[in-house]
Amino acid sequence: MLVNFLMGMLMTFTVYNPANNSLTQVVNSILAPNSGIVVVPNSIRLKYGSGYGETSTNLQSSVSFYDGSIAALGIGPGLLLTSGDGKPALLNTSSGYSVELTPSETDASLTQAVQTAFEFAGEVQDASTLEFQFTVNNPALTGIRFDLVFGSDEFPEYVDSSFVDIAGVFVNGVNYALFNGNSNQPLSVIGTNLAQGGFQDNTSGALPIEYDGIMRLVSVVVPVQQGVNTLKIGVADTGDQILDSGLFVSNVRAVPYASGGLLTVVNGTGGNDVLTGLGFNELLDGGAGNDTIRGNGGNDLIVGGAGKDISAYTPEINYLGVRVEAVTRLTSPNYSFIDLRLAPDVAPGTIQIGFKRGAEKIEFAYNLFARDKNSAMRKSFSNADVILNFMPDRFSNGDPSNDNLPGFLDPLNRADDSAGRHGGAGTAAEKRNRGPDARAVS
């Protein structure tokens, strides 16, 4: 049994060794096949340390290649960056697992991220970071997406303390590893992240990994620019070198969408799925099949995936005072826009929208809320919200009679660029002549 455990650990993690592994190998380990991004030569920077693991007498690097074999983590092959042992045990051996690194690297970006959330947090230590530049040269690819799993032995004893370890994802200098896009909710063991179901309690050892707390799979989806971009990923201890944390990184690729930030992942199957999000920011990926996806609360990113999805269905409603006015289908079969006509006296409630295709029917619940009290009394948009900005006439002279006006000492002189006015007073006739120069500015 011990032999099987040790063999499994050997195969699962391969510790980074600069004598055997190039920096290009490190970056390639996190890139998806046909990733759509090109790494800029000589731009790769890897910061790491080494220490003696509690289960090993050998000096271990804080970075390792991961083969994706721990199915319970839900993340594929890639890289493991840690604040200690880059080869953690495949079972929970200790509630306070620690490896102190030499050198103990710090990092300004991670320090800023943790001190924004915890004012009295100390400087980060035992940092492991990977940074490189890459180019995107396809205008259709506007973002990058990749998968993360964060684990920590700071859980549960040091939740919301100044010692919580920190992980960060910086694209072109901006940290996107924030739950709900909130700088007070970094990728760390903090109460708000736990309350939203972001972490799994592993103190009982239910998951085959050393860390006491394991974050559920998340994806990062962020915008990139055409040309050169910078990606930096890192993890570190905060305030001391005690208690390890690790960040699994996998499947980095360019994608044709560019919003979301840090998103909890809800994946569909190869069949026809009905996916429903929860109350925080999520990525709902339908995958193959004809899917119906509902984001629910939070700022969600919905990816229809393959298959003829919701646009292949016809919506129908049986709710007093509500009818389908129009259905707009796009070039993509993954989306439909439904216009509803509401009667003035329609009652609030839950509308069941049925989507039919032949004998198949899928139902979607849509909440119709009561109007706020006196909301109809609010003043709407009017001419009081607009400034009509007439631009002085420079390019068209619709009314020559007003070129020179009594009381103005500076006469019209279009022939002399060094002096004199070149335009008239800007009458309505001139605006009609020029057209676009008359602008409404709100």
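Owing to the predicted nature of the structure, the values given are computational and were not obtained by experimental measurement.

Cut-off values and rules
Residues numbered from 1 in each chain as written. Predicted model: local features only at pLDDT ≥ 70, side-chain atom pairs only at ≥ 80, totals over all residues. Heavy atoms only, no water. Helix = DSSP H or I, 4+ residues; strand = E, 2+ residues; numbered from the N terminus. Buried < 20%, exposed > 50% of the residue type's maximum accessible area, 1.4 Å probe, protein only. Contact = heavy atoms within 4.5 Å. Areas by Shrake-Rupley, 256 points an atom, 1.4 Å probe, with all protein chains shown as cover. Salt bridge = Lys/Arg side-chain N within 4 Å of Asp/Glu carboxyl O. Patch = residues over 30% accessible without salt bridge, like charges linked within 9 Å, V, L, I, M, F, W, Y side chains within 5 Å. Arc of directions from axis to C-beta. Polar contact = N/O pair within 3.5 Å; in protein donor to acceptor, adjacent residues only side chain to side chain. pLDDT = per-residue confidence, 0-100. Core = buried A, V, L, I, M, F, W, Y, C linked by side-chain atoms within 4.5 Å. Pairing = 2+ DSSP bridges. Axes fitted to C-alpha atoms, helices over the stretch in contact; angles between N-to-C directions.

**Overview of the overall build of the protein**
When helices and strands are tallied, the protein shows five helices and 29 strands. When burial is assessed residue by residue, the protein has 45% of its 442 residues classed as buried. Expressed as a percentage of contacts within the protein between residues at least 6 apart in sequence, the contacts between residues at least 24 apart total 64%. When the accessible surface of the protein is totalled, it reaches about 21700 Å², and 54% of it is carbon and sulfur.

**Brief notes about the pattern of salt bridges**
Overall, the coordinates contain four salt bridges when judged by the stated rule. Note that K47 and D107 form a salt bridge whose closest N and O atoms lie 3.3 Å from each other. Of this pair, K47 sits in strand β3 (residues 45-47) while D107 sits in the loop between β7 (78-82) and α3 (108-117); the two residues are 60 residues apart in sequence, bridging distant segments of the chain. Look at K47 and you get partly exposed, because its relative accessible area is 23%. Judged by relative accessible area, which is 4%, D107 ranks as buried.

**Some remarks on a nonpolar patch on the surface**
The grouping of I302, L330, Y335 and F337 at the surface amounts to a nonpolar patch, some 350 Å² of accessible area in total. Considering the arrangement of structural elements, one finds I302 in strand β22 (residues 301-303). By relative accessible area, I302 is classed as partly exposed at 31%.

**Considering unusual backbone geometry**
Cis geometry is adopted by the peptide bond preceding P103, which originates at T102 and carries an omega value of -5 degrees. Relative to the helices and strands, P103 is located in the loop between β7 and α3. Phi at N42 takes a positive value of approximately 65 degrees, unusual for a residue other than glycine. On the basis of relative accessibility, which here comes to 73%, the residue N42 falls in the exposed class. In the Ramachandran plot, D160 falls in the positive-phi region, its phi being about 60 degrees despite a non-glycine side chain. Tracing the sequence through the fold places D160 in the loop between β9 (143-152) and β10 (166-171).

**Section: α3**
All of the buried residues in α3 are L110, T111, A113, V114 and A117. Buried residues of α3, seen end-on, are gathered within an arc of 165 degrees and therefore sit on one face of the element. Away from its buried face by more than 90 degrees, α3 exposes A108 and Q112. Against β8 (124-136), β10, β11 (174-175) and β16 (227-238) lie the buried residues of α3. Capping the start of α3 is the job of one residue whose side-chain oxygen sits 3.1 Å from the backbone nitrogen of S109: D107.

**With respect to the confidence of the model for the protein**
Per-residue pLDDT for the protein averages 82, and the proportion of residues at 70 or more is 82%. Confidence, read as mean pLDDT per element, is least for strand β29 (residues 438-441) in the protein (36) and greatest for β7 (98). Throughout residues 1-9 the model reports pLDDT below 50, and contacts reaching past four residues in sequence, or to other chains, amount to eight contacts. Segment residues 424-442 is flagged for pLDDT under 50; beyond a separation of four residues in sequence, or across chains, it makes 43 contacts in the model.

**So, the nonpolar core**
Nonpolar side chains tend toward joint burial in soluble globular proteins. Ranked by internal contacts, the top residues of the largest apolar core, which has 43 residues, are F146, L148 and L187. Apart from the residues within four sequence positions on either side, L148 is in contact with I75, V169, L187, M215, R216, L217, V218, V220, L247, F248, V249 and L262. Listed in part, the 15 residues of the second largest apolar core include I75, V149, I214 and V265.

**Some points on the pairing of strand β23 (residues 314-317)**
Burial along β23 is one-sided: P315 and I317 are buried, and none of T314 and E316, which face the opposite way, are. Sheet topology places β23 next to strand β26 (residues 349-357); four bridges connect them, and they run antiparallel. If you follow T314 over to β26, its bridge partner there is K356.

**A short note on the environment of P156**
Relative to the assigned elements, P156 resides in the loop between β9 and β10. Residue class for P156 comes out partly exposed when judged on its relative accessible area of 37%. P156 sits 45 residues away from D201 along the chain, and the two C-alpha atoms are 8.2 Å apart.

**A short note on the environment of P223**
Its place among the elements puts P223 in strand β15 (residues 218-223). Separated by 80 residues in sequence, P223 and G143 place their C-alpha atoms 4.2 Å apart.

**With respect to the side chain of S161**
Within the secondary structure, S161 is located in the loop between β9 and β10. Among the polar contacts listed, one links the side chain of S161 to the backbone oxygen of Y158, at a separation of 2.9 Å.

**Observations concerning the sheet that holds β26**
Ordered by their spatial adjacency, three strands build an open sheet running β23-β26-β27, and the pairing between neighbours is antiparallel. The open sheet has two edge strands, β23 and β27 (360-368), and neither has a second partner. On average, each strand axis in the sheet is tilted by 30 degrees relative to the strand beside it, whichever way the strands run. In terms of strand pairing, β26 meets β27 through nine bridges, oriented antiparallel. Bridge pairing links K356 to K361 in β27.

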